[in-house]
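Residue-level structure breakdown
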Amino acid sequence: MSQQSAKMWSGRFREPLDATFESWQRSFPFDWRLVPYEVEASIAHARAIEAAGILTSEELLQMEEGLRAVAKQHAEQGEAIVTANPQAEDVHHYVELELTKQIGDLALKLHTGRSRNEQIATDMRLFVRDAIDLTLAGLQSWRSALLDLATNAGEAVMPSYTHLQRAEPVLIAHWLLAYVAMLDRDASRLTDARKRLNLCPLGSGAVAGATLALDRTIAAKALHFDAPTPNSMDATSDRDFAIEFTQALTVFGLHVSRFAEELTLFSTAEFGFLELPEAFSTGSSAMPQKKNPDLLELVRGKTGRVIGNATALMVTLKGLPLAYNKDLQEMQEPLFDAADTVLALLPLVAGWMKAVEFNHERMNQAARSGFMNAWAAATYLVKRGVPSRLAHEQIGKAVKLCLEKRCELQDLSLDELRALNPAFDETFFDCLKPDSVLAIHDVVGGTAPARVRQGITAARKKIEALREEVHAHA
Ligand code: ARG
C-alpha cells in the first residue's frame, strides 16, 4: 500500500476542497497533452538528483523505466487518460500518480528539490520548441508548393495592383515570390524565437532555485537545451517564449489571411484568374450553381483566432508580479489553440496550392489592357532626354486621349503621339508590349524574367538551408 496522499500539497490543510472549485481549477483536462514533455523533464530531473546522491543508479533506472511506461500509456490512450484519472489535478500530479502505480513509493522521491513551477515552465518550453519545428516544416511545404507553381508559370504574366487598381504587368512567378518572401520572414522569426527559448528552467525550484545543489547542466543537456536559465525568479514566471511564438504565428496568420483574401478575389467571375479546386470547395444548399472558396475563407477566419490567442497570452501576463502565479495556467489553452490552428491549416493551404489552376489566358488578357504600360511609355520619353515630370504629363495626356477614343496607348497613331511630343517614333510601339514592359524592370527584386528566375533560385536555396536546420534539430 502506497503512502501517497491524494493531493501533492494536502499536509497543511484541515478541510477538503469545495467540489466545484476542485474540478474548476484542474488543468489536467487540457495539460494532459504535455505528458511526453513532463516525462522527459522528469527523467532529466531524476538524473540530476541521482548525481546529487538522492537516488542510487539502480533507483534511477527503475525511475526511468517507470516514467517511460507512463509516456507509453499516454501514447496509447491519448485523451482517454483524462476521464480515467479524475483525481489527477494536473499533468504533474498525473505523472506522479501513474509512476507510483508503476514503481511504488520510490516514485515519491522524484519530486526531491523541485517544484511544479519550474516543471510547467519546462514543459511549455518543450512544447513550443516542438511546435516551432513542426511549423517550420509546414511552412517549408507551402513554400515549396509556391515555388513549384512559380517555376511552372514560366513567363506568364498577370496584372499587378496598387489601390486594387491595375498598375503594371508582372510575371505570375513574381507575384508568387512575394508570398515566398513573407514566409521567409515567418520562418526566420520562428527560428529566432527558438534560439531564445532554448534554455532549461529545471533547477529553478519554486522561485529561489532548487533546494539541493543540483548540477543544472545535467537536465539541460538531457533535454537538448543550450544551457540552464540564468535566473530562477524569471525562469519560473517567464512566458515570453509562448508570446513570441504566438506573435510569430500571428504575423504568419496575417500573411496567410492576405493570401486567402487575394485568392478569393481572383477566384471571382469578375477576375476569373483561377478555378477553385473542387476538392477544397463546397456548394450552396440553396443556389445550385455555387462553388465557394471555403478553404480560403476559413483560413482567413482562423487568423482571427490566432490573433485572439496571442492577445490573450499578453493580457494574462501583463499584470503579474514575480514570480509564479496561478494565472499562468490560463496561458496554456490559447497557446495550444494557436499552435493547433496553424499546424492544421498549413498542409491544407499547401494542398490547395497544388490543386489550384490558374487561368493564364485570362490573366494574360488582363495584363494587356488598362494602360499598364503607361509608366513604361513615359520611360521611353525619358530615355530620349525628356525630363520625367514632363514625360509623365505627356503620357497622361495620351491616356486622356485614349479614354476619349476608348482605346489603349498602342492604338494611337504616330501623328497623334507626335502632336504631344515630336520625340515619338515607330520604336515606341515595341516598348508598349507586355514583354518589353516586364524587361525594363531589370533590378534586383524586380519582375524582369531573369530577375524572377534569380529570385526562384535564391528561394530554393533558402529552402535547402531551412531543411538542414530542421534536420539539425531533429
Ligand atoms: N498546473 C499548474 C500550471 O499550469 C502547474 C504549476 C502549479 N504550481 C503551483 N504552485 N500551484 O501553472
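The structure reproduced in this document is the subject of the present report. (Residues numbered from 1 in each chain as written. Predicted model: local features only at pLDDT ≥ 70, side-chain atom pairs only at ≥ 80, totals over all residues. Heavy atoms only, no water.)

Describing the overall build of the protein
Filter applied, for reference: Each helix is a run of H or I in the DSSP string that is no shorter than four residues. Each strand is a run of E no shorter than two, and both are numbered from the N terminus. We compute the radius of gyration over the C-alpha atoms and compare it with the globule rule, which gives 2.2 Å times the number of residues raised to the power 0.38. The buried label applies to any residue whose accessible area, calculated with a 1.4 Å probe on protein chains only, is under 20% of its type's maximum; exposed applies above 50%, and partly exposed to all values in between. We call two residues in contact whenever any of their non-hydrogen atoms come within 4.5 Å of each other. Per-residue and other accessible areas follow the Shrake-Rupley method at a 1.4 Å probe size, with only the shown protein chains counted as cover for residues. His is not counted, nor are the chain ends; Lys and Arg add positive charge and Asp and Glu add negative charge. A charge is said to be at NZ when it belongs to Lys, at CZ for Arg, at CG for Asp and at CD for Glu.
For the protein, the count of helices and strands is 20 helices and six strands. Since a compact globule built from 474 residues should have a radius of gyration of about 23 Å, the 31 Å found for the protein marks it as more spread out than a globular shape. A principal-axis box enclosing the C-alpha atoms of the protein has dimensions of 105 × 55 × 40 Å. When the 474 residues of the protein are sorted by exposure, 49% land in the buried category. Taking the contacts inside the protein whose residues are at least 6 apart along the sequence as the reference set, 76% of them involve residues at least 24 apart. Accessible area of the protein: about 22,800 Å², with a carbon and sulfur share of 55%. A distance of 4 Å separates the average location of the 50 positive side-chain charges in the protein from that of its 62 negative side-chain charges.

Quick look at the site of the ligand
In plain terms, the rule: Each residue is tested against the molecule or strand, and it is near if at least one of its non-hydrogen atoms lies within 4 Å. Polar contact is the term for a pair of N or O atoms within 3.5 Å; when the atoms are in protein, one must be able to donate a hydrogen and the other to accept it, and sequence-neighboring residues count only if both atoms are side-chain atoms. In this classification, the charged set is Asp, Glu, Lys and Arg, the nonpolar set is Ala, Val, Leu, Ile, Met, Phe, Trp, Tyr, Cys and Pro, and all remaining amino acids, among them Gly, are polar.
Neighbouring the ligand are the residues Ser27, Asp90, His92, Arg116, Asn117, Ile120, Tyr324, Gln329 and Gln332. Separating a nitrogen atom of the ligand from a side-chain N or O atom of Arg116 is a distance of 3.5 Å. Between Gln332 and the ligand, the recorded distance is 2.8 Å, taken from a side-chain N or O atom to an oxygen atom. For the ligand, whose free accessible area comes to 340 Å², the fraction covered by protein is 85%. Top element by residues in the shell around the ligand is helix α7 (residues 116–153). It accounts for three residues. The residue inventory of the shell around the ligand, partitioned by class, reads two nonpolar, five polar and two charged.

Some words on the packing of helix α3 (residues 35–51) against α7
To be explicit about the condition: Think of each axis as a best-fit line through the C-alpha atoms, taken over the contacting stretch in the case of a helix, with angles from 0 to 180 degrees between the N-to-C directions. The scheme is simple: roughly parallel for angles under 35 degrees, roughly antiparallel for over 145, roughly perpendicular for 65 to 115, oblique for anything else. In this scheme the handedness of a crossing depends on how the near helix is turned from the far one: anticlockwise by less than a right angle means left-handed, clockwise means right-handed.
It is the contact of α3 with α7, at a shortest axis distance of 9 Å, that shows an interaxial angle of 120°. Relative to α7, the element α3 is oriented oblique. As for how α3 packs across α7, the hand of that crossing is right-handed. Residues Tyr37, Glu38 and Ala41 of α3 form the contact with α7, whose own contacting residues are Gln119, Thr122, Asp123, Leu126, Phe127 and Asp130. Considering only residue class, the contact of α3 with α7 consists of four nonpolar, two polar and three charged.

Some details on the pairing of strand β2 (residues 165–171)
Just so we agree on the cut-off: Strands were regarded as paired on the criterion that DSSP finds at least two bridges between them.
Bridge count for strand β1 (residues 157–162) against β2 is five bridges, and the pairing is antiparallel. The residue of β2 that forms the bridge with Pro159 is Pro169. Two successive antiparallel strands, β1 and β2, enclose a turn made up of two residues, where His163 displays a positive phi of approximately 60°.

Notes on the pattern of salt bridges
Basically, it comes down to this: Salt bridges are identified by distance alone: a Lys or Arg side-chain nitrogen within 4 Å of an Asp or Glu carboxyl oxygen.
As enumerated under the stated definition, the model contains 25 salt bridges in all. Between Glu275 and Lys291 there is a salt bridge; the shortest N-O distance is 2.8 Å. Of the two residues, Glu275 is situated in strand β5 (residues 274–275) and Lys291 in the loop between β5 and α12 (294–318); the sequence distance between them amounts to 16 residues. Of the residues examined, Lys291 reaches a relative accessible area of 27% and is grouped as partly exposed.

Focus on α7
The criterion, for reference: Helix span, expected: 1.5 Å multiplied by one less than the number of residues in the helix.
For α7, with 38 residues, the first-to-last C-alpha span of 55 Å sits near the 56 Å given by 1.5 Å per residue. Of all 38 residues that make up α7, 30 are buried, and the element is covered over most of its length. Near the N-terminus of α7, the side chain that reaches the backbone nitrogen of Asn117, with its oxygen 2.9 Å away, is that of Ser115. Count one or two residues on from α7 and you reach Gly154, which has phi positive near 55°.

Structural notes on the nonpolar core
Stated precisely, the cut-off is as follows: By nonpolar core we mean a set of buried residues, namely Ala, Val, Leu, Ile, Met, Phe, Trp, Tyr and Cys, connected to one another through side-chain atoms within 4.5 Å.
Within the largest apolar cluster, 117 residues are counted, with the highest numbers of intra-cluster contacts made by Trp142 and Trp352. Sorting elements by how many residues they give to this core places α7 first, with 16 residues. Apart from residues lying up to four places away in sequence, Trp142 is in contact with Leu183, Phe252, Val256, Phe259, Leu346, Val349, Ala350 and Met353.

Here's the deal with the environment of Leu254
Assignment of secondary structure puts Leu254 in helix α11 (residues 240–267). For Leu254, a relative accessible area of 40% corresponds to the partly exposed category. Once residues within four sequence positions are removed from consideration, Leu254 is found in contact with Thr303 and Ile307.

Comments concerning the side chain of His45
With respect to the element layout, His45 can be found in helix α3. Reaching out from His45, the side chain makes a polar contact with the backbone oxygen of Leu110 at a distance of 3.3 Å. Apart from residues no more than four positions distant in its own chain, His45 is found in contact with Leu110, His111, Thr112, Gly113, Arg114, Leu202 and Leu214.

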